[in-house]
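Residues per chain are reported as follows:
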Amino acid sequence: MRKLTLWSLLIATIFGISLTTNAKKVHTLGDSTMAFYDENTTNTRGWGMYFGNFLTNG
């Protein structure tokens, strides 16, 4: 019974936090491994170019 109560509290907390969470800004700082490269002029790509694909707007 105690486990059920703890799980219920955890789920309620997560659900409550998700309702009040505002959008966050993500700033990246790094070297050439995360730089934006023109896809028309080079085959080089940095991971930072694609990082935004894993985030949602809002």
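Not measured: the values here are computed from a predicted model.

Our next topic: the overall build of the protein chain. Assigned secondary structure in the protein chain consists of 2 helices and 0 strands. Taken across its 58 residues, the protein chain has 5% of its residues classed as buried. Of the roughly 5,700 Å² of accessible surface on the protein chain, 62% is carried by carbon and sulfur atoms.

All right, on to a nonpolar patch on the surface then. Taken together, the side chains of Trp7, Leu10, Ile11 and Ile14 present a nonpolar region at the surface, about 450 Å² in accessible area. Counting through the fold element by element, Leu10 comes out in helix α1 (residues 2–20). Residue Leu10 is classed as partly exposed on the basis of its relative accessible area, which comes to 40%.

In this section: the packing of aromatic side chains. Within this structure, the stated rule accounts for 1 aromatic pair. Geometrically, the ring pair formed by Trp47 and Phe51 is edge-to-face, given 5.7 Å between the ring centres and 85° between the ring planes. Pair noted here: Trp47 and Phe51 are both in helix α2 (residues 47–51), with a separation of 4 residues, about one helical turn. Residue class for Phe51 comes out partly exposed when judged on its relative accessible area of 29%.

Calculation rules
- Residues numbered from 1 in each chain as written.
- Predicted model: local features only at pLDDT ≥ 70, side-chain atom pairs only at ≥ 80, totals over all residues.
- Heavy atoms only, no water.
- Helix = DSSP H or I, 4+ residues; strand = E, 2+ residues; numbered from the N terminus.
- Buried < 20%, exposed > 50% of the residue type's maximum accessible area, 1.4 Å probe, protein only.
- Areas by Shrake-Rupley, 256 points an atom, 1.4 Å probe, with all protein chains shown as cover.
- Patch = residues over 30% accessible without salt bridge, like charges linked within 9 Å, V, L, I, M, F, W, Y side chains within 5 Å.
- Salt bridge = Lys/Arg side-chain N within 4 Å of Asp/Glu carboxyl O.
- Phe/Tyr/Trp six-rings, centres within 6.5 Å; stacked < 30°, edge-to-face > 60°.

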